[in-house]
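The primary structure of each chain is shown beneath.
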Amino acid sequence: MMSVLQVALLSLVLLARTTVAFLSIGGGISSHVSITGTALLQEVSKACEMVIKEAGHEFKPTGSSPEELVQACLGPTATGQVSGAKFHTALQEIYTQNGLVDRDFVASAPHHFNSETFLEGRGLITKGMVAIKANIRKENFQAARETLGRVLHTLQDFYSHSNWVELGYTEPYINLLRPDLPLENLADVNTPTCSDCESGTCPNSILPDILQEMKLTSGYMGVFYSSKPQGKCSHGGAGDLSSTTAPRGGISKDERRFDNVAQHNAAVNIATTASQQLVENIRLAVGNEEFLRTMGIARSAVVCFVIDTTGSMSDDIAEARAVVNEMIDSKKGTQDEPSEYILVPFNDPEFGPMIRTSDPDKMKEEIAKLKPRGGGDMPEMCLSGIQLALTGAPSGSHIYVFTDAAAKDSELKDTIIALIRRTKSTVSFFMTSYSRRRRRSTTGGAFQQYKELALASGGQAILVTKKELPQATSIIRDTSTSALVTILQRSVNPGKTETFSFMLDESLQNITIYITDAVVFSLTNPTGVSQSNTETSGKLGTIHTVGNLRRILLNADNHKGIWKVKIESREPYTVKVTGQSIITFIYNFVEKFKGPHPGYALLSGRPQAGQPATLLLSVVGKKGPSSMTVGNIGLITVSGPEAVSNSTLTDLGNGDILVTVDAVPDGEFLIILNGEDTESKSAFQRQSTTSMSLSKVNIQAVVASNMEPGKPLELPFSVMTQGPGGQYSIIAKNDRDFPMTYPSSLTLTTGELINDTLTITPPAGTPSGTDVSLTMEARSSTGADSNYVVLRMSVVTKITDLAPPVCEGVKVLANECPQDMSACELFQWEFSANLTDGNGTGIERIILRKGNGTLSYTPLNNTIIQTEYNASCCSQIVEFIAVDEVGNVGKCYHSIVRSSGQPALTLSVSLWFCLLVSTLVVRP
């Protein structure tokens, strides 16, 4: 029986449509999405239960929605609201990368185990698992998720594209996860494998000799050519040109048809089990807590400070230190306690290093170490510090910048905007007045640049004196929450009198209105009660003024309904309304791709001008998608009062919606969503924070493999424009400052694709698991149009240790255990075993997974590690795992339970066995 968590997670991946196919588009009961989701939910469920039990609590979700389950997983002692948005986002990142294998590697046989490329396909899985474990150890969770999605696609395709099912196997081919074990009985290229199938839908066209000899084969896939080796099976289907060449037909079990129902169902079941084995291996290698962090199950707030440490910043650093200490102390033990703290100092010419920790006391220590020094030439390396924060912090983070100087590295502005749009992180600036040696004219220009970056991210740009800074930092306490949502966001330029309407619902708490660069305003609630800017403490809320910021904190009484804020100003101004609620949405701009297995690919850059914009959007609420209805989704310009609502919605089920907008507004725009929480019958309004715009330029690149230290990696890319042709600059930057070579410009002709290559070389000493963010931009000669692509790559050292630790049972003493279990507590049993890692990297840790006894062992640096386990005869099973330095996992298991259910009085050594997680094979 599935647990509540398993049922809930399953609801995330089983979509309403009844598609029955190994496809990457949509859902269905046997898509790559549902297979992947089922495997993930099993392991998330196990990890949550173990973490909660280790903390001394019982894992008891109050319901089946993701939000309730995430809160239960984080522990019953934490108070406050918690959003499941990051969990949804993590799942979507895995699903998206899984589907992209069908676009980016459509003609790569190893990525799909086509054309009998078994060794090469296993190599992709092995290298991928190594990269995932290395990334998680370096806390590069997004890179790990993306690789996991791709690896799972390849593994799942083995069971659909090969004849494993036809050979009669009902369990996964575990050797695919064990590169130290041989792949045996493979059909060679000269061995015919299929008979001709004129209709294309024969129940089983594999030759009898292949089945009798248990030869492993897979179908050939002709994406561009119809030729294949003589007598070989084809993949089959309309996208396979080789399926019309004898022997015709195909053995793919991607889709369930009348002729292959049993084979298709068997392939789905085995692929699901195999996917779970792979995910379990990763979970055991990295530990439950790190696995849950990888899956986005953590308190959502991530607080990141980017702090100028030049000589004039003494007061600012002291205030940042006070804010961190106050936040840590006030939010400890609540769901708003940050799950991670990040600190990036910058000076001139230095910036960094980035310091990240989940330990609040450690962050207190690090920020206490900051000392103002140097400076004096006004501009500092501010944008370099922000770039480091955006590439190192998780997506959706809140980044707070403290500075009193202009940015020396302003050429990074476009790169920063690209990273903001890719990560959907919010950047807020606290810029204090310059010292006397700095001209105020420079202040205006510098602040304007910071305002533009803040606006692009949905953050705030606050200009204050150093004395006012403690008041301004209240915004950090407002926004460092796990369930922050935006209800309204606008920027008016040039200034004019404008009235903005926004809807508040009963789920919202701690509602705050921010107005910058405007003095005169009034607020009206749904019943007609008004409050002007002159009433600092009125019937509707409390107004705080600091520098150019007006912060209105609404009173906690009933606020449900339509509110209005009227702003009068001749100068440009911004207005933003936020609150805390678990009702929110996540989204990505996507584009449809064709091919044998069509789907939707995430747009890394800006949507194309002159074409409909497509979004894949998911609604998140307290009781799950079934309790949410969406009324309208539109696009609205940042400076416009009305939304463009000519969108077409396709409900994919379970809160997943495909949105097509035919007429996209000009300029910077945002997404606005209106819906209803059917549980409370309350209408709600939500808005995105990250602005977007269109481009006639398109730049694409695909990362085909990981990088190795000291070795150059060639990265093909392509550029095309639907606008005017001519010279386009190519600008590439990476956050590790690795050497790169690429063309500085390309000559484009309207509508024609131009291909070229970028080469990047990580230094020889780069640690394995290092995450690299690469931003490439194509910009017209006039600067009027540009687009970008953001890529994440990993540096992974070539691993030669591919075998897991080995467990050898030595002794079992259980003859004291009675047959009468009512007296079992009075007796003990013992089990001893030796653990070795052969010529491997050495065992890093040993963990007891099952059993209520005591496990002890000799030092881990010993060649042979001797283990001793003692337990009550009531606890009759022991299982412990050993993880080596590179993440290979071995499991040692023993039971004193006889088949009759009674404990054995005497066990000889011959009854012990070692179960290697990587092999899942019992060895007598």
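One can find the structure itself at the top, above this paragraph.
A brief report on the enclosed structure follows. Each residue is numbered by its place in its chain's sequence as written, counting from 1. In view of the model being predicted, local features appear only for residues whose pLDDT reaches at least 70, and side-chain atom pairs are presented and counted only at 80 or more, with totals across whole chains, interfaces and linings using the full set of residues. Hydrogens are left out, water is left out, and the side-chain values use all remaining heavy atoms of the structure.

**Some thoughts on the pattern of salt bridges**
Stage number 1. Put simply, a salt bridge is a Lys or Arg side-chain nitrogen that is within 4 Å of an Asp or Glu carboxyl oxygen. Taken as a whole and judged by the stated rule, the model has 38 salt bridges.
Stage number 2. The salt bridge partner of Arg 248 is Asp 196, with a shortest N-O separation of 2.7 Å. Here Arg 248, found in the loop between helix 7 (208-212) and helix 8 (261-286), pairs with Asp 196, found in the loop between helix 6 (141-161) and helix 7; they are 52 residues apart in sequence, far enough to count as distant.
Stage number 3. Overlapping salt bridges bring together Glu 139, Glu 290, Arg 293, Glu 340 and Arg 356 as one network. Every helix listed is a DSSP run of H or I at least four residues long, and every strand listed is a run of E at least two residues long, numbered separately from the N terminus.

**Describing the sheet that holds strand 3 (residues 355-357)**
Stage number 1. A pair of strands is labelled paired if DSSP reports no fewer than 2 bridges between them. Judged by pairing direction, the sheet is mixed, and its 6 strands sit side by side in the order 3-2-1-4-5-6 without closing on themselves. This sheet does not close on itself; its edge strands, each paired only once, are strand 3 and strand 6 (461-464). With direction set aside, neighbouring strand axes in the sheet form an average angle of 15 degrees.
Stage number 2. In this structure, strand 4 (residues 398-403) lies alongside strand 5 (residues 426-432), joined through 6 bridges in parallel fashion. Considered in strand 5, the bridge of Ile 399 is made with Val 427.
Stage number 3. Across the sheet, helix 10 (residues 314-331) lies against strand 1 (302-308), strand 2 (340-346), strand 4 and strand 5, angled at about 165 degrees from strand 1, the strand it touches most. Convention adopted: a line fitted to C-alpha atoms gives each axis, helices being fitted over their contacting stretch, and angles between N-to-C directions are expressed from 0 to 180 degrees. Contact between two residues is taken to exist if any of their heavy atoms lie within 4.5 Å; hydrogens are not considered.

**Focus: the state of the cysteines**
Stage number 1. The definition used for a disulfide is geometric: two cysteine sulfur atoms within 2.5 Å. Enumeration according to the criterion identifies 6 disulfides in this entry.
Stage number 2. Disulfide partner of Cys 48: Cys 73, at an S-S distance of 2.1 Å. Across the disulfide from Cys 48 to Cys 73, rotation about the S-S bond amounts to roughly -95 degrees, and the bridge is consequently left-handed. On the criterion of sequence distance, the pair formed by Cys 48 in helix 2 (residues 32-54) and Cys 73 in helix 3 (residues 66-74) is long-range, its members being 25 residues apart.
Stage number 3. Residue exposure (1.4 Å probe, protein chains only): buried if accessible area is under 20% of the type maximum, exposed if over 50%, otherwise partly exposed. Judged by relative accessible area, which is 1%, Cys 48 ranks as buried.
Stage number 4. Here Cys 807 pairs with Cys 892 through a disulfide, and the sulfurs are 1.6 Å apart. One end of the pair, Cys 807, is in strand 33 (residues 806-813); the other, Cys 892, is in strand 39 (residues 889-895), and 85 residues separate them in sequence.
Stage number 5. Indicated for the chain is the disulfide connectivity 1-2, 3-6, 4-5, 7-12, 8-10, 9-11, based on numbering the bonded cysteines in sequence order.
Stage number 6. Lacking any disulfide linkage, Cys 382 is separated from the closest cysteine sulfur, that of Cys 304, by 12 Å.

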